[in-house]
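A structural walkthrough
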Amino acid sequence: FDDALRIGALVAVAFQAVEGDDVLVIRATEETWLRIKIDQNPPFQVLLKPGEVIQRKGSAVGMDIGNAGGIKVQFKGKVVENIGKSGEVVHLQLP
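What comes next is a walk through the structure. (Residues numbered from 1 in each chain as written. Predicted model: local features only at pLDDT ≥ 70, side-chain atom pairs only at ≥ 80, totals over all residues. Heavy atoms only, no water.)

With that out of the way, let us pick up the overall build of the chain. Secondary structure summary: the chain contains one helix and eight strands in total. When its helices and strands are written in sequence order, the chain yields α-β-β-β-β-β-β-β-β. By the burial criterion, 33% of the 95 residues in the chain qualify as buried. Across the chain, every contact between residues at least 6 apart in sequence was considered, and the portion connecting residues at least 24 apart equals 55%. (Helix = DSSP H or I, 4+ residues; strand = E, 2+ residues; numbered from the N terminus. Buried < 20%, exposed > 50% of the residue type's maximum accessible area, 1.4 Å probe, protein only. Contact = heavy atoms within 4.5 Å.)

In structure tokens form, the structure reads like this:
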């Protein structure tokens, strides 16, 4: 229980700390595979487990999401709404 509170607090701080910047923040609520391409950098893949958070800087982001309902995304200080359902595969381009 204490770990869940600590993780929740860390996520809240991460979401607040990047507001307004060219920053992508992804928080997993379910296990989710992602392939992410930021600006002109090579794409990378990651498998996030519930509670894990990643943060990257960039002005343009392309993502292949293996479980669209399993993540919460914030980009440039704004929460991205309605990405998809649990288990749904989605391609997302930001902005």
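Right, let's get into the pattern of salt bridges. For side chains of opposite charge, pairing can occur when their charged atoms come near one another. If you walk through the whole model with that rule in mind, you get three salt bridges. Note that K49 and E31 form a salt bridge whose closest N and O atoms lie 3.1 Å from each other. Taken together, the residues span a long stretch of sequence, with K49 in the loop between β3 (44-48) and β4 (53-57) and E31 in the loop between β1 (23-28) and β2 (32-38) at a distance of 18 residues. What makes K49 partly exposed here is its relative accessible area of 40%. Taking the shortest distance from any N to any O, the salt bridge between D64 and R35 comes out at 3.6 Å. Within this pair, whereas D64 is found in strand β5 (residues 61-65), its partner R35 is found in strand β2, the two being separated by 29 residues in sequence. (Salt bridge = Lys/Arg side-chain N within 4 Å of Asp/Glu carboxyl O.)

Burial analysis of β5 places four of its five residues in the buried class, which makes it a mostly covered element. As paired strands, β2 and β5 are joined by five bridges and run antiparallel to one another. Note that in β5 the partner of L34 across the bridge is I65. Judged from the five bridges that link them, β5 and strand β8 (residues 90-94) form a sheet pairing that is antiparallel. Residue pairing across strands places I65 opposite V90, the latter belonging to β8. (Pairing = 2+ DSSP bridges.)

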